[in-house]
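What the coordinates show
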Amino acid sequence: MDNVAVVVEDRPPADEPDLLGLSEGIAKTERENYSGVLPARITLFRGTIESEAGDDDEELRAVIAETVVHEVAHHFGISDERLEGLGWD
């Protein structure tokens, strides 16, 4: 991966309170002339991820890993439907 920032924020946007992660930017599969464009951004939302995992450290690691895979897939242009078809729902 290049030209992508990965950040952690405390909470997701108010209009999407259950969001675990978010991929923003132009997917690698859709890039043509990419010079001068801000880096893509993958954001993980700490509060939602911790709520999803509960008090189980192993589950926390699993939720983080699944969220990262999901958002990196979006970075490479893989849709939610395709991820679901691959068993990543």
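Residues numbered from 1 in each chain as written. Predicted model: local features only at pLDDT ≥ 70, side-chain atom pairs only at ≥ 80, totals over all residues. Heavy atoms only, no water.

Brief notes about helix α1 (residues 46-53)
Filter applied, for reference: The rule is simple: take the accessible area with a 1.4 Å probe, protein chains only, and divide by the maximum for that residue type; under 20% is buried, over 50% is exposed, in between is partly exposed. Under the scheme used here, helices are H or I runs from DSSP no shorter than 4 residues and strands are E runs no shorter than 2 residues, and both carry numbers assigned from the N terminus. Residues are treated as being in contact if the distance between any of their heavy atoms lies within 4.5 Å.
Along α1, the residues classified as buried are Gly47, Thr48, Ile49 and Ala53. Packed against the buried residues of α1 are β3 (40-45) and α2 (57-75).

A look at the confidence of the model for the chain
Quick reminder of the rule: Per residue, pLDDT captures the predictor's confidence, and it can take any value from 0 to 100.
Across the chain, the average pLDDT comes to 88, with 92% of residues at 70 or higher. Within the chain, the lowest mean pLDDT, 84, falls on helix α3 (residues 80-85), and the highest, 97, falls on α1.

Concerning a negative patch on the surface
What counts, and what does not: Patch rule: a residue counts if its relative accessible area is over 30% and it has no salt bridge; like charges are joined within 9 Å, and nonpolar side chains (Val, Leu, Ile, Met, Phe, Trp, Tyr) within 5 Å. Values of accessible area rely on a 1.4 Å probe in the Shrake-Rupley scheme; residue burial ignores everything except the protein chains shown. Between Lys or Arg on one side and Asp or Glu on the other, a salt bridge is scored when a side-chain nitrogen of the former is within 4 Å of a carboxyl oxygen of the latter. Counted charges follow a simple rule, with Lys and Arg positive, Asp and Glu negative, and His plus the chain ends left uncounted. We put the charge of a Lys on NZ, of an Arg on CZ, of an Asp on CG and of a Glu on CD.
A cluster of acidic residues, Asp18, Glu52, Asp55, Asp56, Asp57, Glu58, Glu59 and Glu66, forms a negative patch at the surface. For the negative patch, the element with the most residues is α2, which contributes four residues. Here Glu66 is to be found in helix α2.

Observations concerning the environment of Gly21
Within the secondary structure, Gly21 sits in strand β2 (residues 21-24). C-alpha separation for the pair Gly21 and Gly77, spaced 56 residues apart in sequence, amounts to 15 Å. Filtering out sequence-adjacent residues up to four positions away, Gly21 remains in contact with Thr43, Leu44, Phe45, Thr67 and Glu71.

A closer look at α2
Owing to its 3.6 residues per turn, the α-helix brings residues three or four apart onto one side. The following threshold applies: Expected span, for any helix, means 1.5 Å times one less than how many residues it has.
The terminal C-alpha atoms of α2, which comprises 19 residues, lie 27 Å apart, in line with the 27 Å expected from a rise of 1.5 Å per residue. Taken together, the buried positions of α2 are Val63, Thr67, Glu71, Ala73 and His75. Where α2 is buried, its residues touch β1 (4-9), β2, β3, α1 and α3. The first or second residue beyond α2 is Gly77, which carries a positive phi of 85°.

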